[in-house]
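Residues per chain, in single letters:
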Amino acid sequence: MENRENRAELLSLDYDGLVSLLLSIGEPKYRADQIFPQLHRGLSPSEMTNVGKRVGAAIDKVAYYDLPSVRRKLISGIDGTVKYLFELGDGNCVESVVMEYHHGLTICISSQVGCRMGCAFCASTIGGKVRDLTPGELLGQVIAASKDLGKRISNIVMMGIGEPLDNYENVLKFLRLVNDPRGICIGYRHISLSTCGLADRIDDLAREDLPITLSISLHAADNETRSSIMPVNRKYSIERLLDSCRRYYDTTGRRISFEYTLIEGKNTSEASAEKLAELLNSSLRPGHGTLPIHVNLIPVNDVAERGFTHPGTGEIKRFAAILEKRGIRATVRRKLGPDINASCGQLRRAVTENEEKTEN
Ligand code: SAH
């Protein structure tokens, strides 16, 4: 690996940061207008035809350009969903998934290498957290996938490996970078961020006033059940979390959606559905009679190591019907790329494990 010490990561710099870097090597400010958009299209300075060799070499001395490289690529034969295993500059791997919806391509990106949140059903957390991704590595996933596919990506969901609010500063820088009109320019309304519920950070995010969509991984309607599958609930109880959600809505006016993973024998009974409806209505709607509430039901992807299985279709429909009856919009997540195991966390794990076995 080439030496990156003391050099800036070009993709983590915002426009002003790039201007400062160029000024520091005696280049004029206008060069940033040439370079910034091309960096975000996937070109390194030495590949830019309007940037001379001398300038390219001068930039190389103080900065480096790293796009995640495609280590594996799986394409679903059923719906065309593409799953990437990307290798980062230091050899660590993360996953990104590109899905096609009627409104264009959506990429699901990872926010950390591994995760330290410890949710019992989630493959991403099994080996713990290795490190946070930099703003440039977050952005790099979007650029590298778009470059590989030769297509514009118009929507982003932060639902891959890692907990985005546990990498708050870098994620915020990334959101501003990807929204920059001089670069990829994806509107905040086309970006969703999913969190396991770091309530303090949700409060911080509300103050940033970025109109992104927030998704909360709720997965249970009472503290005992939630704590048994999501350790984060011992720090931020359901009540504390929903308080933050209410404040987020009050400040930003953005609808919040909830993810609810259905795990057989754990949270799928009629009583659980009633409890969930009661909880959301009583904590979010007082004084906000018409506040739209949306629950996304996700049949759990069976994680062999953990012994979790998903309920049958009948049970899922019954659960959704109970929520709808209580005025809560419920959708069942369409499973994209079922033949390539498109849910995040599982490919990185399979590859890492295989390599560990091969190495031993
Ligand atoms: N850390 C963030 C985002 C990553 S996970 C969060 O917790 O929201 C994205 C979604 O997939 C979360 O709702 C997560 O709980 C869910 N998930 C993780 N493992 C799953 C599994 N085995 N089956 C179904 N959903 C799962």
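I will try to describe carefully the structure that is included in this document. (Residues numbered from 1 in each chain as written. Predicted model: local features only at pLDDT ≥ 70, side-chain atom pairs only at ≥ 80, totals over all residues. Heavy atoms only, no water.)

1. A short note on the environment of lysine 29
Phase 1: Inspection of the secondary structure puts lysine 29 in the loop between helix 1 (15–24) and helix 2 (31–39).
Phase 2: As for lysine 29 and valine 19, which are separated by ten residues in sequence, their C-alpha atoms are 5.6 Å apart.
Phase 3: Look past the residues within four positions of lysine 29 in its chain and what remains in contact with it is Val19 and Leu23. (Helix = DSSP H or I, 4+ residues; strand = E, 2+ residues; numbered from the N terminus. Contact = heavy atoms within 4.5 Å.)

2. Re the packing of aromatic side chains
Phase 1: Within the structure shown, the criterion is met by three aromatic pairs.
Phase 2: On the numbers, 5.9 Å between centres and 80° between planes, the contact of tyrosine 15 with phenylalanine 36 is edge-to-face. Taken as a pair, tyrosine 15 in helix 1 and phenylalanine 36 in helix 2 lie far apart in primary sequence, 21 residues in all. Just as tyrosine 15 is buried, phenylalanine 36 falls in that class too.
Phase 3: Judged by centre distance (4.9 Å) and plane angle (10°), the ring pair of tyrosine 84 and phenylalanine 86 falls under stacked.
Phase 4: Phenylalanine 86 sits in the buried class, given a relative accessible area of 0%.
Phase 5: It is arginine 182 that lies over the ring of tyrosine 15; its NZ or CZ is 3.9 Å from the centre. (Phe/Tyr/Trp six-rings, centres within 6.5 Å; stacked < 30°, edge-to-face > 60°. Buried < 20%, exposed > 50% of the residue type's maximum accessible area, 1.4 Å probe, protein only. Lys NZ or Arg CZ within 6 Å of the ring centre and 35° of its normal.)

3. What about the site of the ligand?
Phase 1: Around the ligand sit 17 residues in total, of which Phe121, Ser194, Ser217, His219 and Asn301 are the nearest.
Phase 2: With respect to the ligand, the side chain of histidine 219 contributes an N or O atom lying 2.6 Å from an oxygen atom.
Phase 3: At 3.0 Å from an oxygen atom of the ligand is found a side-chain nitrogen or oxygen belonging to glutamate 259.
Phase 4: When the free accessible area of the ligand is taken as 540 Å², the share hidden by the protein chains comes to 90%.
Phase 5: Looking at the shell around the ligand, its residues break down into seven nonpolar, eight polar and two charged. (Near = heavy atom within 4 Å. Polar contact = N/O pair within 3.5 Å; in protein donor to acceptor, adjacent residues only side chain to side chain. Areas by Shrake-Rupley, 256 points an atom, 1.4 Å probe, with all protein chains shown as cover. Nonpolar A, V, L, I, M, F, W, Y, C, P; charged D, E, K, R; others polar.)

4. Details of helix 1
The α-helix advances 3.6 residues per turn, and as a result positions three or four apart in sequence lie on the same side.
Phase 1: The set of residues buried in helix 1 consists of Tyr15, Leu18, Val19, Leu21 and Leu22. Take helix 1 and look down its axis: the buried residues cluster within an arc of 165°, on one side only. Exposed side of helix 1, more than 90 degrees from the buried face: Asp16, Leu23 and Ser24 are the residues found there.
Phase 2: Residues of helix 1 that are buried in the fold lie against strand 1 (8–9), helix 2, helix 3 (53–62) and strand 2 (63–64). (Arc of directions from axis to C-beta.)

5. Quick word on the packing of helix 9 (residues 270–284) against helix 10 (residues 313–325)
Phase 1: Their axes nearest at 9 Å, the elements helix 9 and helix 10 cross at an angle of 30°. Taken together, the axes of helix 9 and helix 10 are roughly parallel relative to one another. Seen along the crossing, helix 9 lies across helix 10 with a hand that is right-handed. Along its contact with helix 9, which presents Glu270, Ser272, Ala273, Glu274, Leu276 and Ala277, the element helix 10 presents Arg318, Phe319, Ile322, Leu323 and Lys325.
Phase 2: When the residues that make up the contact of helix 9 with helix 10 are grouped by side-chain class, the tally is six nonpolar, one polar and four charged. (Axes fitted to C-alpha atoms, helices over the stretch in contact; angles between N-to-C directions. Parallel < 35°, antiparallel > 145°, perpendicular 65-115°, else oblique. Left-handed = near helix turned anticlockwise from the far one by under 90°.)

6. Some details on the pattern of salt bridges
Phase 1: Scanning all chains against the criterion turns up 21 salt bridges.
Phase 2: Among the ionic pairs, glutamate 137 bridges to arginine 131, the shortest N-O distance being 2.9 Å. Take glutamate 137 and arginine 131: they sit in the same class, and that class is buried.
Phase 3: For arginine 326, the salt bridge goes to glutamate 274, with nearest N and O atoms at 2.8 Å. Of this pair, arginine 326 sits in the loop between helix 10 and strand 14 (329–332) while glutamate 274 sits in helix 9; the two residues are 52 residues apart in sequence, bridging distant segments of the chain.
Phase 4: The exposure class of glutamate 274 is partly exposed, given its relative accessible area of 31%. (Salt bridge = Lys/Arg side-chain N within 4 Å of Asp/Glu carboxyl O.)

7. Quick notes on helix 6 (residues 199–208)
Phase 1: If you check which residues of helix 6 are buried, you get Ala199, Ile202, Asp203, Leu205 and Ala206. One face of helix 6 carries all of its buried residues, which in axial projection span an arc of 160°.
Phase 2: Of the surrounding elements, those touching the buried residues of helix 6 are helix 5 (168–179), strand 10 (191–195), strand 11 (213–217) and helix 8 (238–252).
Phase 3: After helix 6 finishes, the residue aspartate 209 shows a positive phi value of roughly 55°.

In short, the description is geometric, and any link to function would need to be established separately.
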